[in-house]
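Here's the letter readout for the chains.
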Amino acid sequence: MTETATARERLLPLIDELAVVRGRVTLASGMEADYYLDLRRVTLEHRAAPLVGDVVLNLLDEHGLLTGEDAVQSIGGLTMGADPVATAVMHRSVERGTPVDSFVVRKAAKQYGMGRRVEGPSVEGRRVVALEDTSTTGGSVLDAVGALREAGAHVVAVVVVVDRDTGAKERVEAEAGVPYLAAISTRDLGLE
């Protein structure tokens, strides 16, 4: 069994146990579904968070974005769903010897202090990945991509931990012009 399969295989049942809430809900996108994925119950949980970091790093590695001249230098996304994922990736990357910084994209620029929308080490001129914990329409991660580009970052990909398979990939790739990489789909969780 590969390292990728091991982390992913260990994460899938934790997502099902901790994050899948069954019942009719209205999602942030306005769409209705028979379940809700509360991925913060996974990304902030001590057993699952390191696995989330490994799964994202493995995905980046599979696409040639972890080492060499194409290596990603920083990862993050719109607060708050992306925050614990980016932190897990940052910590696991250091342990693996392939350090990646993290950042936070605010929903709006601060009206005081430095007035920044992207917090953390500067992303200007850096190769970055925009991140989302789970995606339905891609709206949140597209917002993050826009903020990152305004801050001078070179966005090389979008990474989503769990994709709901509802068109976000097609929308993000068309509007942002970067690859949309999903570590896990709702099909993988038996939800579709």
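Conventions adopted
- Residues numbered from 1 in each chain as written.
- Predicted model: local features only at pLDDT ≥ 70, side-chain atom pairs only at ≥ 80, totals over all residues.
- Heavy atoms only, no water.
- Helix = DSSP H or I, 4+ residues; strand = E, 2+ residues; numbered from the N terminus.
- Rg over C-alpha atoms; globule rule 2.2 N^0.38 Å.
- Buried < 20%, exposed > 50% of the residue type's maximum accessible area, 1.4 Å probe, protein only.
- Contact = heavy atoms within 4.5 Å.
- Areas by Shrake-Rupley, 256 points an atom, 1.4 Å probe, with all protein chains shown as cover.
- Core = buried A, V, L, I, M, F, W, Y, C linked by side-chain atoms within 4.5 Å.
- Pairing = 2+ DSSP bridges.
- 1 Å grid on protein atoms, 1.4 Å probe; cavity = no way out; pocket = protein on both sides within 12 Å on 5 of 7 lines; lining within 4 Å.
- Points joined across faces, edges and corners; volume = space filled by probe spheres on them.
- Nonpolar A, V, L, I, M, F, W, Y, C, P; charged D, E, K, R; others polar.

Engineer: A description of the overall build of the protein chain should follow, citing residues and the corresponding values.
Structural biologist: Along the backbone of the protein chain there are six helices and eight strands. Along the protein chain, from the amino end to the carboxyl end, the secondary structure elements read α-β-β-α-α-β-α-β-β-β-α-β-α-β. For the protein chain, whose C-alpha radius of gyration is 16 Å, the value lies close to the compact-globule estimate of 16 Å for 192 residues. Across the 192 residues of the protein chain, 51% fall into the buried class. Long-range contacts, defined here as pairs at least 24 residues apart, represent 65% of the contacts in the protein chain between residues at least 6 apart. For the protein chain, the exposed surface amounts to about 9000 Å²; the carbon and sulfur share of it is 50%.

Engineer: Run through the environment of Ala71, naming residues and quoting values.
Structural biologist: Secondary-structure assignment places Ala71 in the loop between helix H3 (48-62) and strand S3 (74-78). Here Ala71 falls in the buried class, since its relative accessible area comes to 17%. The spatial distance from the C-alpha of Ala71 to the C-alpha of Gly120 is 19 Å, given a sequence separation of 49 residues. Among residues more than four places away in sequence, those in contact with Ala71 are Leu65, Leu66 and Arg127.

Engineer: Give a detailed account of the nonpolar core, specifying residues and quantitative values.
Structural biologist: Grouped together as the largest cluster of nonpolar side chains are 41 residues, with contacts concentrated most on Leu11, Ile15, Val42 and Ile75. Elements with a contribution of two residues or more to this core: helix H1 (3-18), strand S2 (32-37), H3, helix H4 (83-96), strand S6 (127-135), strand S7 (154-163) and strand S8 (180-185). Examining the composition of this core, we find that eight residues originate from one element, H3, more than from any other. The contacts of Val42, once residues within four sequence positions are left out, are Leu11, Leu14, Ile15, Leu18, Ala19, Ala48, Ala49 and Val52.

Engineer: Explain unusual backbone geometry residue by residue, including any values.
Structural biologist: Omega for the peptide link from Thr79 to Met80 comes to 20°, which places this bond in the cis form. Relative to the elements of secondary structure, Met80 occurs in the loop between S3 and H4. For Asp165, which is not a glycine, the phi torsion comes out positive at approximately 60°. Following the sequence through the fold, Asp165 ends up in the loop between S7 and helix H6 (168-176). Exposure remark for Asp165: the relative accessible area of 28% places this residue in the partly exposed category.

Engineer: Describe the sheet that holds S6, and please don't skip the residues or the numbers.
Structural biologist: Read across the open sheet, the six strands follow the order S5-S4-S3-S6-S7-S8; overall the sheet is mixed. The sheet is open, and its two edges are formed by strand S5 (118-119) and S8, each paired on a single side. Sheet topology note: the S3/strand S4 (residues 101-105) ladder contains five bridges and is parallel. Counterpart to Ser74 in the pairing with S4 is Asp101.

Engineer: Before we move on, could you go through the side chain of Thr186 and cite the residues and values that matter?
Structural biologist: Within the secondary structure layout, Thr186 lies in the segment after S8. In this structure Thr186 comes out as buried when scored by relative accessible area, which is 0%. Not counting chain neighbours up to four residues away, the residues in contact with Thr186 comprise Tyr35, Leu37, Val162, Asp163, Arg164, Asp165, Leu191 and Glu192.

Engineer: Report on the layout of surface pockets, specifying residues and quantitative values.
Structural biologist: Taken as a whole, the largest pocket encloses approximately 530 Å³ of empty space. What lines the largest pocket is a set of 26 residues, and nearest its centre among them are Ala28, Glu132, Asp133, Thr134 and Ser140. At the level of secondary structure, the elements contributing two or more residues to the lining of the largest pocket comprise S2, S6 and helix H5 (139-150). Looking at the lining of the largest pocket element by element, the count peaks at five residues for S6. When the residues that make up the lining of the largest pocket are grouped by side-chain class, the tally is ten nonpolar, ten polar and six charged.

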